[in-house]
Amino acid sequence: MKPLVSILVPAYNAQEWIADMLRSAIAQTWEPKEIIIVDDGSTDDTLAVARQFESGCVRVVTQENQGGAAARNTAFSLSRGDYIQWLDADDLLAPDKIALQMEAADRCQNKRMLLSSAFGTFMYRWYRTEFIPTELWHDLSPTDWLLRKMGENLYMQTGTWLVSRQLTEAAGPWDTRLLSDDDGEYFCRVLLASSGVLFVPEARVYYRAFRYNSLSYIGRSQVKRDAHWLSMQLHIGYLRSLEDSERVRAACVRYLQRSLIYFYPEEAEVVKQVEKLAGELGGRLKVPYLSWKYSWVRMVFGWDRAKRIAFSSRKIRWWLEKLSDRMMFLIETRKSARHSEEMRAEVERSLTKPLV
């Protein structure tokens, strides 16, 4: 028998997106499959929309709000699949995404091999998604994958992975302490338990990224900053457990330098800890970089005010990008619907013409 694939989805206040996500999951050409949605205490109509799709292969459960990591753990506990496809409630899978990766898994014949795929970002217009390769879009050893991720500030989106049950169980559960970068930390552990990454370029994921209001956006949230610092320490420990070389320590210092902006200058104690860790790794951190546009604010009002303005400006810019893309999506959708209606009317007219 062909292996069963479990598509596991945590959902919270995703009523606008969950139907499209479920259609993409149901449309997967790979069979057999099961789809499990865990509604994490949504306060909108997410649960009601999801339940409209319940069937023999789609199961919907609900729980009190506990966070995405807890919802994923619940979904996995209910699953039966030989392979696990993690998927967020607002993202989309190409119809053959899982099938292509399962074909690669069959050729590989190694349950410890972690399968990844290409992904691109979009807001509303998924059909305009661009797939831009990075240095992670290769077959890589766990060490080289983490080295590139941390040293070059790269990532793979959650939905890109296809993980055997054996590898999933070896990695352990999602860490419920992490309100940001929980997927980054989790897949570090998956990588540590794996034989390496097998990249399947033809398989594709469409990642809906609104940035400023996503769970991964840290901004000025104290809770998310604390979680991110914990995740950073875990990341460095995981990579050094694989290899504790000069190149690894240098990559870890670069990783610390890029993340320092989240804590500087408000979190003085955390800043000291970050600088101390960098010193232990043989590096020394610089004051975080702010764009020249905010340099005069920093000189007049100080670092904290300049950082606030920079973060607020970025959120406004992202919000405007989102608004613009939504407007274009509505315009293009209406044009497409009007064109379809005109075509239908033309066909009807042609059918009612008298035969000569």
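Scroll up for the structure.
Analysis parameters
- Residues numbered from 1 in each chain as written.
- Predicted model: local features only at pLDDT ≥ 70, side-chain atom pairs only at ≥ 80, totals over all residues.
- Heavy atoms only, no water.
- Helix = DSSP H or I, 4+ residues; strand = E, 2+ residues; numbered from the N terminus.
- Buried < 20%, exposed > 50% of the residue type's maximum accessible area, 1.4 Å probe, protein only.
- Contact = heavy atoms within 4.5 Å.
- Core = buried A, V, L, I, M, F, W, Y, C linked by side-chain atoms within 4.5 Å.
- Pairing = 2+ DSSP bridges.
- Patch = residues over 30% accessible without salt bridge, like charges linked within 9 Å, V, L, I, M, F, W, Y side chains within 5 Å.
- Areas by Shrake-Rupley, 256 points an atom, 1.4 Å probe, with all protein chains shown as cover.
- Salt bridge = Lys/Arg side-chain N within 4 Å of Asp/Glu carboxyl O.
- Axes fitted to C-alpha atoms, helices over the stretch in contact; angles between N-to-C directions.

**Comments concerning the overall build of the protein**
Next, step 1: The secondary structure content of the protein amounts to 12 helices and eight strands.
Next, step 2: For the protein, the residues scored as buried account for 50% of the 356 residues in total.
Next, step 3: Expressed as a percentage of contacts within the protein between residues at least 6 apart in sequence, the contacts between residues at least 24 apart total 76%.

**Overview of the nonpolar core**
Next, step 1: Judged by nonpolar contacts, the single largest core of 102 residues is most densely connected at Leu 22, Ile 37, Trp 145 and Leu 256.
Next, step 2: At eight residues, the largest contribution of residues to this core is made by strand β8 (residues 196–208).
Next, step 3: Contact partners of Ile 37, with chain neighbours within four places excluded, come to Val 9, Ala 11, Ile 18, Leu 22, Val 58, Arg 59, Val 60 and Val 61.
Next, step 4: Listed in part, the seven residues of the second largest apolar core include Leu 290, Ala 306, Ala 310 and Phe 311.

**Brief notes about the sheet that holds β8**
Next, step 1: Strand order across the open sheet formed by three strands is β5-β8-β6, with mixed pairing between neighbours. Each edge of the sheet is formed by a strand with only one pairing partner; in this case those strands are β5 (92–93) and β6 (113–122).
Next, step 2: Judged from the 10 bridges that link them, β6 and β8 form a sheet pairing that is parallel. In the sheet register, Ala 118 faces β8, and the bridge partner there is Arg 204.

**Remarks on a nonpolar patch on the surface**
Next, step 1: A cluster of nonpolar side chains, namely Ile 316, Trp 319, Leu 320, Leu 323 and Met 327, defines an oily patch on the protein surface of about 500 Å² accessible area.
Next, step 2: By secondary structure assignment, the location of Leu 320 is in helix α12 (residues 303–352).
Next, step 3: Classification of Leu 320 as partly exposed rests on a relative accessible area of 46%.

**Things to note about the sheet that holds strand β2 (residues 33–40)**
What holds strands together in a sheet is hydrogen bonding between their backbones, with the strands either parallel or antiparallel.
Next, step 1: With mixed pairing, the five strands of this open sheet are ordered in space as β3-β2-β1-β4-β7. Of all the strands in the sheet, just β3 (58–63) and β7 (163–164) have a single pairing partner and so form its edges.
Next, step 2: Sheet topology places β2 next to β3; six bridges connect them, and they run parallel. What sits directly across from Asp 39, in β3, is Thr 62.
Next, step 3: On the sheet, helix α1 (residues 18–26) packs against β1 (5–11), β2 and β3 and is oriented at approximately 160° with respect to β2.
Next, step 4: Running at roughly 145° to strand β4 (residues 83–86), helix α4 (residues 97–108) makes contact with β1 and β4 of the sheet.

**Topic: the pairing of β4**
Next, step 1: Burial along β4 is two-sided: the face carrying Tyr 83 and Gln 85 and the face carrying Ile 84 and Trp 86 are both buried.
Next, step 2: Strand direction decides the pairing type here: β1 and β4, joined by four bridges, are parallel. Following the sheet pairing, Ile 7 is matched in β4 by Gln 85.
Next, step 3: Both β4 and β7 contribute to a ladder of two bridges, which runs antiparallel. Paired with Ile 84 across the strands is Val 163, a residue of β7.

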